[in-house]
Amino acid sequence: MIKLFDVYVDIIDTAYVKGKLHDVCMLSFTGKVKGRYFNGKVIGTGVDTQYISKDEHMLLSARYMLKGIDIDGNECQCFIENNGSFNNGFIPKIVTDSPTLSAFEGIELKAEIVTKESGVIVSIFG
């Protein structure tokens, strides 16, 4: 797999609820995107929803829109949905209006997440 791009996520707000069996944390974020296939930014805010069991097993689901330039120099937008866990890995999906990046719609992708001081870096591979 080749790296498509990195999303540099900057968390701007959190909301948290403690339930009887599970806790839920929602993180709102912005960010920039850098990579060989796409460069741009998060449009508005994205949301990462973390569903946390009392044994601390966590499922994550992030959704966000990107706007920028694809590898061919064309302006485009991408929607990313990234689901998974640190135990089992992360599976992103891409929807885009870029003819070039549309080759990555519907194929197997993976994501790696690295924590940084004010957020995370999400690397998308295809």
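All values derive from a computational prediction rather than experimental measurement.

Asker: Would you take a moment to explain the pattern of salt bridges for this structure?
Answerer: A pair can form between side chains of opposite charge whenever their charged atoms are brought close. Tallied over the full model, the rule gives 5 salt bridges. For K3, the salt bridge identified is with D6, shortest N-O distance 3.4 Å. Judged by its relative accessible area of 40%, K3 is partly exposed. A salt bridge links K54 to D23; the shortest N-O distance between them is 2.8 Å. Taken as a pair, K54 in the loop between β4 (46-53) and β5 (58-70) and D23 in strand β2 (residues 22-34) lie far apart in primary sequence, 31 residues in all. Its relative accessible area of 45% is what places K54 among the partly exposed residues.

Asker: Please explain the pairing of strand β6 (residues 75-85) as it appears in this structure.
Answerer: Bridge count for β5 against β6 is 10 bridges, and the pairing is antiparallel. Bridge pairing links A62 to N82 in β6. Where β5 hands over to β6, the hairpin turn is made up of 4 residues, of which G73 adopts a positive phi near 85°. Sheet topology places β6 next to strand β7 (residues 89-96); 8 bridges connect them, and they run antiparallel. Bridging from a neighbouring strand, I80 pairs with I94 of β7. Counted along the chain from β6 to the antiparallel partner β7, the turn is 3 residues long.

Asker: Hey, could you run me through the nonpolar core in this one?
Answerer: A general trend in soluble globular proteins is that nonpolar side chains are found buried together. Core analysis: the biggest nonpolar cluster contains 24 residues, and L4, F5, V7, F38, Y64, L66 and I94 have the highest contact counts within it. Elements supplying a minimum of two residues to this core: β1 (3-18), β2, β3 (38-42), β5, β6, β7 and β9 (119-125).

Asker: Help me understand the packing of aromatic side chains in this model?
Answerer: The geometry of two aromatic rings is summed up by the distance between their centres and the angle between their planes. With the rule as written, the count across this model stands at 4 aromatic pairs. Aromatic pair F29 and Y64: ring centres 5.3 Å apart, planes at 75°, arrangement edge-to-face. Of this pair, F29 sits in strand β2 while Y64 sits in strand β5, and the two are 35 residues apart along the sequence. Y64 carries the same exposure label as F29, and that label is buried. Between Y37 and F104, the ring centres sit 5.6 Å apart and the planes meet at 80°, which makes this aromatic pair edge-to-face. A residue pair is termed long-range when its members are at least 10 positions apart, and Y37 in the loop between β2 and β3 and F104 in the loop between β7 and β8 (110-116) qualify at 67 residues. You can call Y37 buried: its relative accessible area is 12%. Across from the ring centre of Y8, 5.8 Å away, lies the NZ or CZ of K34, which sits over that ring. Cation over ring: K110 sits above F125, and NZ or CZ is 5.5 Å from the ring centre.

Rules used throughout
Residues numbered from 1 in each chain as written. Predicted model: local features only at pLDDT ≥ 70, side-chain atom pairs only at ≥ 80, totals over all residues. Heavy atoms only, no water. Salt bridge = Lys/Arg side-chain N within 4 Å of Asp/Glu carboxyl O. Buried < 20%, exposed > 50% of the residue type's maximum accessible area, 1.4 Å probe, protein only. Helix = DSSP H or I, 4+ residues; strand = E, 2+ residues; numbered from the N terminus. Pairing = 2+ DSSP bridges. Core = buried A, V, L, I, M, F, W, Y, C linked by side-chain atoms within 4.5 Å. Phe/Tyr/Trp six-rings, centres within 6.5 Å; stacked < 30°, edge-to-face > 60°. Lys NZ or Arg CZ within 6 Å of the ring centre and 35° of its normal.

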